[in-house]
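Letter by letter, the chains look like this.
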Amino acid sequence: MTSLNTTGKILRKKIRVGRGIGSGKGKTSGRGIKGQKSRSGVAIKSFEGGQMPLYRRLPKRGFNSFKNLKIAKLNLDKIQMYIDKKKLDHNETISVETLKKLKIINKRSKILKILGKGEIKTKVNIKADLISKSAIEKLKKIGGSVQTINK
């Protein structure tokens, strides 16, 4: 006689599947009716919807740039509006740093682009990374100066 506590395992009978209706596990052997899971010799774990498992697990990058430059775009009419509201001083040079301090552009933006939409009446000095041709023309017409930063 052994002193190990194995009596629970010894008393439990093994269920014999597929041995007639009266056994309770006959006919379909407890696997339900049709389908992939009811059949033998089918590996469900590695099946990934009818495609190769390798492609499913690759990261989907697409054409998103890794540089992902945060460009702040600002139109001339917006600059004029901020000058009229006395939020911007027309005597100072308008640059990325001054616009970030005044919370006109996002603090995470790295590049400032000036666009030529709208009219500007005040003579201003702008220091920007990028500037459109129409914005340059409008600023030169009123006597303002434009300085581009080349990185």
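Data block above holds the structure.
A brief report on the enclosed structure follows. Just so you know, the residues in each chain are numbered from 1, in the order the chain's sequence is written. The predicted origin of the model limits local features to residues at a pLDDT of at least 70 and limits the giving and counting of side-chain atom pairs to 80 or more, whereas totals for whole chains, interfaces and linings rest on all residues. Calculation of side-chain values draws on the structure's entire complement of heavy atoms; hydrogens and water are dropped beforehand.

**Looking at unusual backbone geometry**
Across the chain, the bulk of peptide bonds are trans and the bulk of non-glycine residues have phi less than zero. To keep things clear, this is the line we draw: Elements are defined by DSSP. Helices are runs of H or I of four residues or more, strands are runs of E of two residues or more, and each kind is numbered from the N terminus.
A positive phi angle, close to 65 degrees, is found at Lys86, a residue other than glycine. Along the polypeptide, Lys86 turns up in the loop between helix 3 (76-84) and strand 2 (93-94). For Lys103, which is not glycine, the phi dihedral falls at a positive 60 degrees.

**A word on the side chain of Ser132**
In plain terms, the rule: Side-chain atoms alone can form a polar contact between residues adjacent in sequence; in general such a contact is a pair of N or O atoms within 3.5 Å, and within protein one must be able to donate a hydrogen while the other accepts it. Contacts are residue-level and defined by heavy atoms, with any inter-residue pair within 4.5 Å sufficient.
Mapped onto the elements, Ser132 comes out in the loop between strand 5 (130-131) and helix 5 (133-142). At 3.4 Å, the side chain of Ser132 forms a polar contact with the side chain of Ser134. Residues in contact with Ser132, not counting those within four places in the same chain, are Ile114, Leu115 and Gly116.

**Topic: the sheet that holds strand 3 (residues 111-115)**
Two modes of strand pairing occur in sheets, parallel and antiparallel, and in both the strands are linked by backbone hydrogen bonds. Rules: Each pair of strands is called paired provided DSSP finds at least two bridges between the two strands. For helices, the fitted axis covers only the stretch in contact; all axes are lines through C-alpha atoms, and the angles between them, taken along N-to-C directions, range from 0 to 180 degrees.
What the 3 strands build is an open sheet, ordered 1-3-5; its pairing is parallel. Edge positions in the sheet fall to strand 1 (71-75) and strand 5, since each has one partner strand and no second. Inspection of the sheet shows strand 1 paired to strand 3 by 5 bridges, in the parallel sense. Along strand 3, the bridge assignment pairs Asn75 with Leu115. Running at roughly 75 degrees to strand 1, helix 3 makes contact with strand 1 and strand 3 of the sheet.

**Things to note about the nonpolar core**
To be explicit about the condition: Here, the term nonpolar core denotes a set of buried Ala, Val, Leu, Ile, Met, Phe, Trp, Tyr and Cys residues that are joined through side-chain atoms within 4.5 Å. Exposed residues in this analysis have more than 50% of their type's maximum accessible area, buried residues have under 20%, and partly exposed residues fall in between, with area computed by a 1.4 Å probe over protein chains only.
The biggest cluster of nonpolar side chains holds 21 residues, and the ones touching the most others in it are Ile79, Leu88, Leu99, Leu112, Ile114 and Ile126. Mapped onto this core, the elements with two or more residues apiece are strand 1, helix 3, helix 4 (96-101), strand 3, strand 4 (125-128) and helix 5. With 4 residues, the single largest contributor to this core is helix 3. Ignoring any residue separated from it by four or fewer positions in sequence, one finds Ile126 in contact with Ile79, Thr93, Ile94, Ile114, Leu139, Ser145, Val146 and Gln147.

**Brief notes about the sheet that holds strand 6 (residues 145-148)**
Pairing in this open sheet of 3 strands is parallel, and the strands run 2-4-6 from one edge to the other. Looking along the sheet, the strands with just one partner apiece sit at the ends: strand 2 and strand 6. Pairing between strand 2 and strand 4: 2 bridges, direction parallel. Within strand 4, the residue paired with Ile94 across the bridge is Ile126.

**A closer look at a positive patch on the surface**
Spelled out, the test is: Patch members must show over 30% relative accessible area and no salt bridge, and they are joined within 9 Å when carrying like charges or within 5 Å when they are nonpolar side chains of Val, Leu, Ile, Met, Phe, Trp or Tyr. Per-residue accessibility takes into account occlusion by the displayed protein chains alone, with areas from the Shrake-Rupley method and a 1.4 Å probe. Salt bridge criterion: a side-chain nitrogen from Lys or Arg within 4 Å of a carboxyl oxygen from Asp or Glu. His is not counted here, nor are the chain ends, while Lys and Arg score as positive and Asp and Glu score as negative. We put the charge of a Lys on NZ, of an Arg on CZ, of an Asp on CG and of a Glu on CD.
On the surface, a cluster of positive charge is made up of Lys70, Lys103, Lys107, Arg108 and Lys110. By the secondary structure assignment, Lys107 is in the loop between helix 4 and strand 3.

**Focus: helix 3**
The line we're drawing: For this quantity, the arc is that covered by the directions from the helix axis to the C-beta atoms.
Every buried residue of helix 3 is listed here: Leu76, Ile79, Gln80, Tyr82 and Ile83. All buried residues of helix 3 project into a common sector of 160 degrees when viewed along the axis, lining one side. Structurally, helix 3 contributes buried residues whose contacts are with strand 1, strand 2, strand 3, strand 4 and helix 5. Lys86 occupies a position one or two residues after helix 3 and carries a positive phi of about 65 degrees.

**Notes on the environment of Lys117**
Tracing the chain through its elements places Lys117 in the loop between strand 3 and strand 4. Overall, the relative accessible area of 54% leaves Lys117 in the exposed class. Separated by 15 residues in the primary sequence, Lys117 and Ser132 have C-alpha atoms spaced 9.8 Å apart. The contact partners of Lys117, leaving out residues within four places of it in the chain, are Asn75, Leu76, Asp77 and Lys138.

**Things to note about the environment of Lys78**
Relative to the helices and strands, Lys78 resides in helix 3. Classification of Lys78 by relative accessible area gives partly exposed; the value is 40%.

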